[in-house]
Amino acid sequence: MSMIEFKNVEKYYGNFHALKNVNLTIDEGETVVLIGPSGSGKSTLIRTVNGLEEIEEGQLLVNGFDLHDPKTDMNRIRKNVGMVFQHFNLYDNKTTLENVMLAPRLVLKRDEAENKKLAMELLEKVGLADKAANMPSELSGGQKQRAAIARSLAMQPKALLFDEPTSALDPEMVGDVLDVMRDIAKDSSMTMLVVTHEMSFAKAVADRVIFMAEGEILEDSTTKEFFEKPKEVRAQKFLSQVEHH
Amino acid sequence: MALLQNNFPTFLQGFGYTLLSSIIALIGSMILGTGFAIMQIVPQKWAQVIGNVYVQVFRNIPLLIITFFFFLVVSKYVKMSGFTSGTVALMLYTSAFIAETVRAGILAVDGGQMEGARANGLSFGQAMQYIILPQAFRIALPSLGNQFINLVKNSSILAFVGGLDLMYQGNMVAANTFDTFSTYIIVAIFYLILTLPLSYYIQHLERKLKRAL
C-alpha cells in the first residue's frame, strides 16, 4: 500500500518554481533517501508531506488523505507523520523527557504513567536515559537530534521524515544519529523519507534513492542501481563530487 | 510624621484602592494584551486587522482621555464609579503596550519551535500555550516589568475621576492641611512601597528564568 503519493505536484515561491511536476510513490515500510545539490527542492518536497509547505497544484496523498484538499485536517496527518529537522527544533523550555512526553499527552491523551514509561524506553533506545531531566541547551548537537528522534517516535507514527538530520552536527556526532536511524529503518512497518548527504547511510539503509535537481525528480532507482550506474548524467556528476571527499 | 499619623486611615484607604486597581488592571491587561498579541500573528487577516487597530487606538490616545471617556460617556449607558472607569481605562491602555511587548516576544522565539510543535502533532493553540508563549514571556519579561511599574504609577489618573486612590487621598489631605510638600512626599513613599518590591521581584524572576534555561 502506498503511504505517500505525489501526483503531478507543483509548488511555487512567488515566481520561483520550487517543485516541477513531481510524481513519486513511497510504499508503507519503505526507506527512501532523497539526494541532490542544494537548492534542488529536496527540503521543500519533504516539508510538503506533513503540510509545512503547501502545494499549488496536483495531488498529494499521505496515509490516504489528500493534503491539497482544504477539508483535510492537517493535525490528523501530523499525528501519523513525524519529522526530524536539521536544527532539531526541540522545545527549549522543556526537559528532554518532557519533549518526548508532551505531544502524546496533549494529542493522543496517553495515560501519564504509560506515557512516561514509553518515553523512558525511547530515551533508553536512543542512549539518552541519563539526560531525561536535562534541558535541550545542556545537550550536544548529536544528543539533541537523538532526543528529537525519540520525540517523533513517541507519537508512534506510520512515517518519519528526516530533513538533513546530520547536516548541523559535528562530524563525530553523526555516527550515533545514523545508528539510531538505522535501527528505526529495521522496523519493517516504518516508512522513512530521508534527505541527506550521507551516501554511506543511503547505501546501507535505503531501499530506493531519489535524485532531484532544480525542483525535478531526475532519477528514481533502487539503491544498488543508483550507486552502481546512475542513469542521469547529473546524478553521475553529483555522485562523483560527493564521494570524492 | 504627625501628618501621617493624623491622616493614616485616609492614606491607607488610598493605598488599598491603588493596590486593588493595579492588581485588577494588571491581570486584565495581561490577558487582553496577550490575546491581542496573538491576534496580530495568526494567519487570519481579519484578526490581524482587529488586533492592530485595537493596539493603535489605545496606545496612541492619552490615558487621561480614555479615562474621561469611560467616566463621562460610557458611564451614561453603563453605570460605573470613578474607580471602575479609571481601572478599566488603565487596563485597556496598558493592554495595548503589553500586546506590543508580548508580540515582540513571540516574534523573538525561534521559528523552529512552532514548526517542531506543529510537526509533532500539536495544534496552533497548544503550540502557543505550551511552547511559544512561555518562551515569549521570558524574553519579554524585562519590558513587561516596565509596563507593570508604569501601570502602578499611571493608576494615579484615578484621582481625576474621584477614584479614591492614593493620589486622590493625597490631594484631599493636602487641601485640608495645606502641607502639600509633606503630603506628596508621603504619597510618593506609598507608591515606592508598591513599585520597588515589584521591580525587585521582576529582577529576581529574570535571574531565576535565566538559570532555568
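Please read all numbers here as calculations on a predicted model, not as lab measurements.

Caption draft 1: Looking closely at the overall build of chain A. The number of helices and strands found in chain A is nine helices and ten strands. Computed over the C-alpha atoms, the radius of gyration of chain A is 18 Å, within 12% of the 18 Å expected from 2.2 N^0.38 for a compact globule of 245 residues. On the principal axes, the C-alpha backbone points of chain A span a range of 50 × 45 × 35 Å. Nonlocal contacts in chain A, meaning residues at least 24 apart in sequence, comprise 65% of its contacts between residues at least 6 apart. For chain A, the exposed surface amounts to about 10,700 Å²; the carbon and sulfur share of it is 46%. Each charge class in chain A was averaged separately, 30 positive and 39 negative side chains, and the resulting centres sit 2 Å apart.

Caption draft 2: Structural view of the sheet that holds strand 3 (residues 31-35) of chain A. All names here are of chain A. With mixed pairing, the six strands of this open sheet are ordered in space as 6-7-8-3-9-10. This sheet does not close on itself; its edge strands, each paired only once, are strand 6 (81-84) and strand 10 (216-222). On average, each strand axis in the sheet is tilted by 15 degrees relative to the strand beside it, whichever way the strands run. As paired strands, strand 7 (residues 159-163) and strand 8 (residues 191-195) are joined by five bridges and run parallel to one another. The residue of strand 8 that forms the bridge with Phe 162 is Val 194.

Caption draft 3: Local environment of the UniProt feature "domain: ABC transporter" (unreviewed entry) in chain A. Following the UniProt record, the feature "domain: ABC transporter" (unreviewed entry) maps to residues 4-239 of chain A here. The span residues 4-239 of chain A shows a helical share of 38% and a strand share of 26%, and its end C-alpha atoms are spaced 26 Å apart.

Caption draft 4: Seen up close, the side chain of Ser 21 of chain B. All names here are of chain B. Mapping Ser 21 onto the fold places it in helix 2 (residues 8-39). Since its relative accessible area comes to 0%, Ser 21 is described here as buried. Within the structure, the side chain of Ser 21 is placed 3.1 Å from the side chain of Thr 87, a separation counted as a polar contact. Non-local contacts of Ser 21, meaning those with residues more than four positions away in its chain, are made with Phe 83, Thr 87, Leu 90, Ser 155 and Leu 158.

Caption draft 5: Layout of the packing of aromatic side chains. Enumeration over the complete set of coordinates arrives at ten aromatic pairs over all chains. Ring geometry for Phe 15 of chain B and Phe 190 of chain B: centres 5.4 Å apart, planes at 50 degrees, overall tilted. With Phe 15 of chain B in helix 2 and Phe 190 of chain B in helix 9 (residues 180-212), the pair connects residues that are 175 residues apart, well separated along the chain. Per residue, the accessibility class of Phe 15 of chain B equals that of Phe 190 of chain B, and both read buried. Judged by centre distance (5.7 Å) and plane angle (85 degrees), the ring pair of Phe 69 of chain B and Phe 70 of chain B falls under edge-to-face. The partly exposed category is assigned to Phe 69 of chain B, whose relative accessible area is 43%. Owing to a relative accessible area of 12%, Phe 70 of chain B belongs among the buried residues under this scheme. An aromatic cluster of three or more residues is present, and its members are Phe 211, Phe 226, Phe 227 and Phe 238 of chain A.

Caption draft 6: Fine view of the UniProt feature "domain: ABC transmembrane type-1" (unreviewed entry) in chain B. Taking the numbering used here, the UniProt-annotated feature "domain: ABC transmembrane type-1" (unreviewed entry) corresponds to residues 15-202 of chain B. Along residues 15-202 of chain B the backbone is 84% helical and 0% strand, and the end-to-end C-alpha distance reaches 21 Å.

Caption draft 7: Local environment of the pairing of strand 7 of chain A. All names here are of chain A. Burial within strand 7 is extensive, with five of its five residues counted as buried. Both faces of strand 7 are covered, namely the face carrying Ala 159, Leu 161 and Asp 163 and the face carrying Leu 160 and Phe 162. For strand 6 and strand 7, the ladder comprises four bridges, and the chain directions are parallel. Its bridge partner lying in strand 7, Gly 82 is registered against Leu 160. In this region the chain leaves strand 7, passes through helix 6 (residues 171-186) and returns to the parallel neighbour strand 8; the handedness of that crossover is right-handed.

Caption draft 8: Focus on unusual backbone geometry. All names here are of chain A. You will see that Asn 21, though not glycine, has its phi angle at about 40 degrees, which is positive. If you trace the backbone, Asn 21 turns up in strand 2 (residues 16-27). Judged by its relative accessible area of 43%, Asn 21 is partly exposed. Here the phi dihedral of Gln 156 falls at roughly 45 degrees; this positive angle occurs in a residue that is not glycine.

Reading the values: the criteria
Residues numbered from 1 in each chain as written. Chains lettered and ligands numbered in written order. Predicted model: local features only at pLDDT ≥ 70, side-chain atom pairs only at ≥ 80, totals over all residues. Heavy atoms only, no water. Helix = DSSP H or I, 4+ residues; strand = E, 2+ residues; numbered from the N terminus. Rg over C-alpha atoms; globule rule 2.2 N^0.38 Å. Contact = heavy atoms within 4.5 Å. Areas by Shrake-Rupley, 256 points an atom, 1.4 Å probe, with all protein chains shown as cover. Lys, Arg positive; Asp, Glu negative; His and termini not counted. Charge placed at Lys NZ, Arg CZ, Asp CG, Glu CD. Pairing = 2+ DSSP bridges. Axes fitted to C-alpha atoms, helices over the stretch in contact; angles between N-to-C directions. UniProt positions renumbered as here; feature names shortened; annotations may be inferred. Buried < 20%, exposed > 50% of the residue type's maximum accessible area, 1.4 Å probe, protein only. Polar contact = N/O pair within 3.5 Å; in protein donor to acceptor, adjacent residues only side chain to side chain. Phe/Tyr/Trp six-rings, centres within 6.5 Å; stacked < 30°, edge-to-face > 60°. Right-handed = clockwise from strand over helix to strand, strands pointing away.

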